[in-house]
Amino acid sequence: MVRAIDWVNGKVRMLDQTRLPLEVRFVDIDDYKVVAEGIKKLWIRGAPAIGIASAMGIALAAIDINTSDVETFKKELEPAIDTMIGTRPTAINIRWAMDRIKMLMESNSDRSVNELKAMLIEEGQKILNEDIEINRSIGKWGADFLKDGDTVLTHCNAGALATGGYGTATAPIHVSIEQGKRISVIADETRPVLQGARLTAWELMQAGVPVTLITDNSAGALMKKGYIDAVIVGTDRTVANGDVANKIGTYSVAVLCKEHSIPFYVAAPISSIDFSLDNGELIPIEERDSSEVTLVSGECRIAPEGVNVINMAFDVTPAEYVTAIFTEKGAFRPSDLAKLADEGTDLEKIRISP
Ligand code: MRU
């Protein structure tokens, strides 16, 4: 499976996803500011993948700091951490990764600067490898909810390209296929940046998963005709009450699911759950440049120059529309999600099965 982000010879290797599917081009980056730029410009995107990229970016920043004094080192790292957090506001994974970095440094403040640098370099790769394992677990729990012959609709790209590998929303599909079930996918094209058309369709075809591309406005008609058995999407941030922020258009799909009695599942690694927010209205929603809407591929104009545009990159689906949330710890009702924050919770009691 394709690797969108990696650490190779002391540099961050990123697949520039803005060029897909026309060109598979990797860039090797040795400056944390370029990593941050790559996150902003969507060379790398998808909540877990930008969490990994930001952690690796911090390793690059650490390498460039020239001091043997630990306090100075920590101080000089702060602007890089703030830069990463400022890149994209909705996905919680960047803040999660930066909190993890800060905790690592706090709990190792007796170490030398060189030791801390080595730890930070290791941490980015650790987050990447853990992410792949987490996705496999999400896949294992989620696959129980898919039957032989099912067609699954997904929105945006929550596949290998959006993660360390394997994907979140795509994981139950891959596991089901490994189990011998025949599963096919319908990918929403996902205006305006077309992650479904450019990325999901591409990566699933590479992986040999049957995939059919549709325009975003086709989902309702296909549901009405009985073409769709389940929807699985990823999330940029899911909060304590089970409200889910994901790519703009997800909410419309969830509402359609309710109308057509189709299960609407969310694949969410625990790193994408923000237990500090009580409801989805509190999630900051990224607004992106109007040119994403008025131009196709940044070049071809499809709307009048100067037209007013609203370009919210994400929306929030209220928990009441969510059938189940697949995490690495099991599948849960959205209303039970907050209990995952409590280490004493008996997960057996709140896990759900189909
Ligand atoms: O703007 P993007 O491409 O970063 O949006 C990505 C999504 O909305 C994904 O569904 C989400 O990050 C989950 S990725 C496993």
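Residues numbered from 1 in each chain as written. Predicted model: local features only at pLDDT ≥ 70, side-chain atom pairs only at ≥ 80, totals over all residues. Heavy atoms only, no water.

Asker: Explanation requested: the overall build of the protein in the structure shown.
Answerer: Check the secondary structure of the protein and you find eleven helices and 16 strands. Its C-alpha atoms give the protein a radius of gyration of 20 Å, near enough to 20 Å, the size a compact globule of 354 residues would have. Projecting the C-alpha coordinates of the protein onto the three principal axes gives extents of approximately 65 × 55 × 40 Å. Sorting the 354 residues of the protein into buried and exposed places 55% on the buried side. Of the contacts formed within the protein by residues at least 6 apart in sequence, a portion of 74% connects residues at least 24 apart. Entry remark: accessible area of the protein is about 15,300 Å², with carbon and sulfur atoms responsible for 49%. Across the protein, the 37 positively charged side chains and the 51 negatively charged ones have centroids separated by 3 Å. (Helix = DSSP H or I, 4+ residues; strand = E, 2+ residues; numbered from the N terminus. Rg over C-alpha atoms; globule rule 2.2 N^0.38 Å. Buried < 20%, exposed > 50% of the residue type's maximum accessible area, 1.4 Å probe, protein only. Contact = heavy atoms within 4.5 Å. Areas by Shrake-Rupley, 256 points an atom, 1.4 Å probe, with all protein chains shown as cover. Lys, Arg positive; Asp, Glu negative; His and termini not counted. Charge placed at Lys NZ, Arg CZ, Asp CG, Glu CD.)

Asker: Can you help me understand the environment of Met56 in this one?
Answerer: Relative to the helices and strands, Met56 is located in helix H2 (residues 47-63). Note: C-alpha distance between Met56 and Ile121 (65 residues apart in sequence) is 6.9 Å. Setting aside chain neighbours within four positions, we find Met56 in contact with Ile5, Asp6, Trp7, Val12, Gly124, Gln125 and Leu128.

Asker: I'm lost on empty space enclosed by the protein in this one. Help?
Answerer: Once rolled over the atoms, a probe with the size of a water molecule shows which space is left empty. Scanning the model with the defined rule gives three cavities of 30 Å³ or more in all. Taken as a whole, the largest cavity spans an internal volume of roughly 200 Å³. Along its surface, the largest cavity is lined by 23 residues, and Arg45, Gly46, Ala47, Asn157 and Asp236 are the ones closest to its centre. Those elements that provide at least two residues to the lining of the largest cavity are H2 and strand S9 (244-247). When grouped by side-chain class, the residues that make up the lining of the largest cavity number nine nonpolar, ten polar and four charged. Structurally, the lining of the largest cavity is a two-domain feature, drawing no fewer than three residues from each of domain 1 (5-134) and domain 2 (142-350). Considered as a void within the structure, the second largest cavity measures approximately 70 Å³ in volume. Every residue along the wall of the second largest cavity is listed here: Ala47, Pro48, Gly51, Ile52, Asn93, Trp96, Arg100, Ile127, Glu130, Asp131, Ile134 and Ser271. (1 Å grid on protein atoms, 1.4 Å probe; cavity = no way out; pocket = protein on both sides within 12 Å on 5 of 7 lines; lining within 4 Å. Points joined across faces, edges and corners; volume = space filled by probe spheres on them. Nonpolar A, V, L, I, M, F, W, Y, C, P; charged D, E, K, R; others polar. Domains from an automatic or database assignment.)

Asker: Would you take a moment to explain the site of the ligand for this structure?
Answerer: In the neighbourhood of the ligand, 17 residues make up the surrounding shell, with Arg45, Arg88, Gln195, Asn246 and Lys247 lying closest. Separating an oxygen atom of the ligand from a side-chain N or O atom of Arg45 is a distance of 2.8 Å. Interatomic distance of 3.0 Å between a backbone N/O atom of Gly46 and an oxygen atom of the ligand. Taking a 2 Å distance to the grid points as the criterion, the majority of the atoms of the ligand fall inside the largest cavity. At the level of secondary structure, the elements contributing two or more residues to the shell around the ligand comprise H2 and S9. (Near = heavy atom within 4 Å. Polar contact = N/O pair within 3.5 Å; in protein donor to acceptor, adjacent residues only side chain to side chain. Sits in = over half its atoms within 2 Å of the grid points.)

Asker: When you look at the sheet that holds strand S4 (residues 151-154) in this model, what are you seeing that I'm missing?
Answerer: Whether parallel or antiparallel, the strands of a sheet pair through hydrogen bonds between backbone atoms. Spatially, the seven strands line up as an open sheet ordered S6-S5-S4-S7-S10-S15-S16, and their pairing is mixed. Because the sheet does not close on itself, it has two edges, and the strands there are strand S6 (211-214) and strand S16 (330-332). Sheet twist, expressed as the mean angle between neighbouring strand axes with direction ignored, is 25°. Looking at chain direction, S4 and strand S5 (residues 184-188) are connected through four bridges and run parallel. (Pairing = 2+ DSSP bridges. Axes fitted to C-alpha atoms, helices over the stretch in contact; angles between N-to-C directions.)

Asker: What is the right way to read the sheet that holds strand S8 (residues 237-239) from this model?
Answerer: The strand order across the open sheet formed by four strands is S11-S8-S9-S14, and the pairing between neighbours is mixed. Strands at the two margins of the open sheet, each flanked by one partner only, are strand S11 (273-274) and strand S14 (314-317). Pairing of S8 with S11 involves two bridges; the strand directions are parallel. Of the residues in S11, the one forming a bridge with Thr238 is Ile273.

Asker: Explain the side chain of His155 here, please?
Answerer: Within the element layout of this structure, His155 appears in the loop between S4 and helix H6 (171-178). Side chain to side chain, His155 and Asp188 meet in a polar contact 2.8 Å long. Within the local environment of His155, its side chain forms a polar contact with the backbone oxygen of Ile248, the two atoms lying 2.8 Å apart. Here His155 is in contact with Asp188, Thr190, Asp216, Ile232, Val233, Asn246, Lys247, Ile248, Gly249, Thr250 and Val253, once residues within four sequence places are set aside.

These figures capture arrangement, not role.
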